[in-house]
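Single-letter residue listing:
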Amino acid sequence: MGSKRKNGEGSEKTSKRSSKQRSSGDANGSGSSSSSSSNKVSISIDVSKAEIQPVLAKFSGAMPPVASTFDAYKCLDSSKKDACIVVSENEKIEYVGQNYEDGKPLFVGSKYLIGVYDKATDTVTFRQAPVVDVRTVIKSLKGVKGVGNRDISDRILQARNELGEAFGNKKAKAQIRAEVRNKINMDAVKGDMDVIEASIEERISLMPSKKDLADEADLSRPVPKYNAEAKVASEIYDLEDVLPRANQSQINIIPLLKANGADAYKEKLAARSPFLEKKIEGILSVAKPDIASLRRALYLGYLMRFYVMPTRTIQKRDSCVQSLGCSPEIADFIYDRFAECTAGAINPDGSPIFVKTAATETRLACHISVLMLSLNNWVIYPSEMAADLGIPSKKAEKYLQNVGCKIEAVTADEIAKHTFGKRAKVGASKKAVLMAPIKFPKPGLRRA
């Protein structure tokens, strides 16, 4: 805060103004009927930067004696040029008033002016007066560190409560009573401190470590089995977990091997996917096709078809098997992994009702992502996946990030060269690359 004003000069001038205001008020009141019609009173605003200025005070505690004088201090900070502090004291109590607290003004929305009437010139002069909140401090209860000491002892707190009960308003009294009710009696809990500490330590020991949480998150990921230590992308995911060896033989590839031309085998695919069609065309174009890749491609078609399949079809397993065009064993395998049975719900024929939940749909999309990556040298374009599954590109990017892909920007020429189908080329500008060592996205914060 700034410089201190002189106490004697300030009190003398202030008292003169007050007496002048009272006398002028009396004179004005007694002669208003005779002179109001003939004399005109002029009004002026005092904007001078005088050292002494009037201050309005709001007392929330004990009132000071009438003859008390206050010293005023002004803030030198330009951002709080209207901030001020007034202080006074007697033998037992200190009075401290301020119009700012914690850097913010206490009174906003109104401004106050004090006017003084001069009979000689018939002029009323107004000057702006700040409003300060004056609080009391009992000297005998002050802490060693002064007024700003936050460690108030029980004796000081009791005295403050007594002052509040005596001079406070209804709200202040209710707050004091609430604080007394909610105060913890430390003497009563001292004997239980050992028990409390032991209970806290026991609960801390039972809390999972950071590594445990990370391992739990890895186990709950909706992705196939993976090797976090793999050095190359092709060794990250276990493709036999995606399509076990026992199930590979249950996928019939004979119709594709015997098909005459692309149009013939396209009719035998479960999903209409330009990406899938081109990959199968590439596998069958060589003299000795890769049988494992061909079976993974057909299995990918089953999963794509299952992803876009209507709920009413999934509910009935027999209808789903017919729609997929796969063997019953493969259909069972897909249902076990990517559908859930609704408890207590049955179809009219007595068979259980199956549904895709949000969790199983995410797991299904992640397995589709891994299969597409494995057939395309571990690079895929989100727009292509979005076109085949009928979802937004942003959703496809999220699925690919969930399996550990890094999303990169690409040019339109690269998109046109490496993607299949018109929908995959429209507005596309990114690709997803699986790189080793694998890095999964960090889980987002959930709102309570």
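Residues numbered from 1 in each chain as written. Predicted model: local features only at pLDDT ≥ 70, side-chain atom pairs only at ≥ 80, totals over all residues. Heavy atoms only, no water.

> Break down the overall build of the protein chain for me, with residues and values.
Of regular secondary structure, the protein chain possesses 21 helices and 15 strands. Counting over 448 residues, the protein chain shows a buried share of 33%. Sequence separation of 24 or more characterises 64% of the internal contacts of the protein chain that already satisfy a separation of 6 or more. Split by element, the accessible area of the protein chain, about 28,600 Å² in all, is 53% carbon and sulfur. (Helix = DSSP H or I, 4+ residues; strand = E, 2+ residues; numbered from the N terminus. Buried < 20%, exposed > 50% of the residue type's maximum accessible area, 1.4 Å probe, protein only. Contact = heavy atoms within 4.5 Å. Areas by Shrake-Rupley, 256 points an atom, 1.4 Å probe, with all protein chains shown as cover.)

> Which residues make up the pairing of strand S4 (residues 84–89), and what values do they have?
One ladder, built from four bridges, connects strand S3 (residues 71–74) with S4; its direction is antiparallel. The residue bridging Lys74 from the neighbouring strand is Cys84, located in S4. The turn linking S4 back onto strand S5 (residues 93–98) is made up of three residues. (Pairing = 2+ DSSP bridges.)

> Account for the environment of Gly168, naming residues and giving values.
With respect to the element layout, Gly168 can be found in the loop between helix H3 (154–167) and helix H4 (170–182). With 106 residues separating them along the chain, Gly168 and Ala62 place their C-alpha atoms 9.4 Å apart. If we ignore the near neighbours within four places in the chain, the residues touching Gly168 are Leu163 and Lys173.

> Please provide a residue-by-residue account of the packing of aromatic side chains, values included.
Taken as a whole, this structure holds seven aromatic pairs when the rule is applied. Look at Tyr335 and Phe354: their rings are 5.1 Å apart centre to centre, the planes differ by 75°, and that puts the pair in the edge-to-face class. Of this pair, Tyr335 sits in helix H16 (residues 328–338) while Phe354 sits in strand S12 (residues 352–355); the two residues are 19 residues apart in sequence, bridging distant segments of the chain. An aromatic cluster is defined as three or more aromatic residues linked by ring pairs; in this entry it consists of Phe59, Phe70 and Tyr95. Over the ring of Phe306 we find Lys356; its NZ or CZ atom is 5.8 Å from the centre of that ring. In this structure, Lys356 is placed above the aromatic ring of Tyr307, and the distance from its NZ or CZ to the ring centre is 5.2 Å. (Phe/Tyr/Trp six-rings, centres within 6.5 Å; stacked < 30°, edge-to-face > 60°. Lys NZ or Arg CZ within 6 Å of the ring centre and 35° of its normal.)

> How would you sum up the environment of Ile138? Please name residues and give values.
Looking at the secondary structure, you find Ile138 in strand S10 (residues 131–138). In this structure Ile138 comes out as partly exposed when scored by relative accessible area, which is 24%. Considered as a pair, Ile138 and Arg160 are 22 residues apart in the sequence and their alpha carbons are 8.9 Å apart.

> Describe the pattern of salt bridges, and please don't skip the residues or the numbers.
Tallying each qualifying case throughout the model produces nine salt bridges. Two residues, Asp46 and Arg127, come together in a salt bridge whose shortest N-O distance is 3.1 Å. Of the two residues, Asp46 sits in the loop between strand S1 (42–45) and strand S2 (56–59) while Arg127 sits in strand S9 (residues 123–128), which places them 81 residues apart along the sequence. Residue classification places Asp46 among the partly exposed positions, given a relative accessible area of 24%. Its relative accessible area of 6% is what places Arg127 among the buried residues. Of the charged contacts in the structure, one is a salt bridge between Lys266 and Glu277, with a shortest N-O distance of 3.8 Å. With Lys266 in helix H11 (residues 262–266) and Glu277 in helix H12 (residues 274–284), the pair connects residues that are 11 residues apart, well separated along the chain. A relative accessible area of 28% places Lys266 in the partly exposed class. When its relative accessible area of 16% is taken as the criterion, Glu277 is described as buried. (Salt bridge = Lys/Arg side-chain N within 4 Å of Asp/Glu carboxyl O.)

> An account of a nonpolar patch on the surface is requested, with residue identities and associated values reported.
A surface patch of nonpolar side chains, amounting to about 470 Å² of accessible area, comprises Met193, Ile196, Ile200, Ile204 and Met207. Structurally, Met193 can be placed in helix H6 (residues 193–206). (Patch = residues over 30% accessible without salt bridge, like charges linked within 9 Å, V, L, I, M, F, W, Y side chains within 5 Å.)

> Now, about the sheet that holds S9: what can you tell me, with residues and values included?
Sheet architecture is open: three strands sit in the order S1-S9-S8, paired in mixed fashion. If you trace the sheet from one side to the other, it starts and ends with S1 and strand S8 (113–118), each paired once. Strand after strand, the sheet turns through a mean of 25° between neighbouring axes, direction not considered. When S8 meets S9, the two strands line up antiparallel, connected through six bridges. Among the inter-strand pairings, Ile114 is bridged to a residue of S9, identified as Arg127. (Axes fitted to C-alpha atoms, helices over the stretch in contact; angles between N-to-C directions.)

> So, the packing of helix H17 (residues 358–375) against helix H19 (residues 393–402): which residues are in play, and what are the values?
Their axes nearest at 9 Å, the elements H17 and H19 cross at an angle of 75°. With respect to H19, the element H17 is oriented roughly perpendicular. On H19, the residues that touch Glu361, Thr362, Ala365, Cys366 and Ser369 of H17 are Lys395, Tyr399, Leu400 and Asn402. Here the residues of the contact of H17 with H19 sort into four nonpolar, three polar and two charged. (Parallel < 35°, antiparallel > 145°, perpendicular 65-115°, else oblique. Nonpolar A, V, L, I, M, F, W, Y, C, P; charged D, E, K, R; others polar.)

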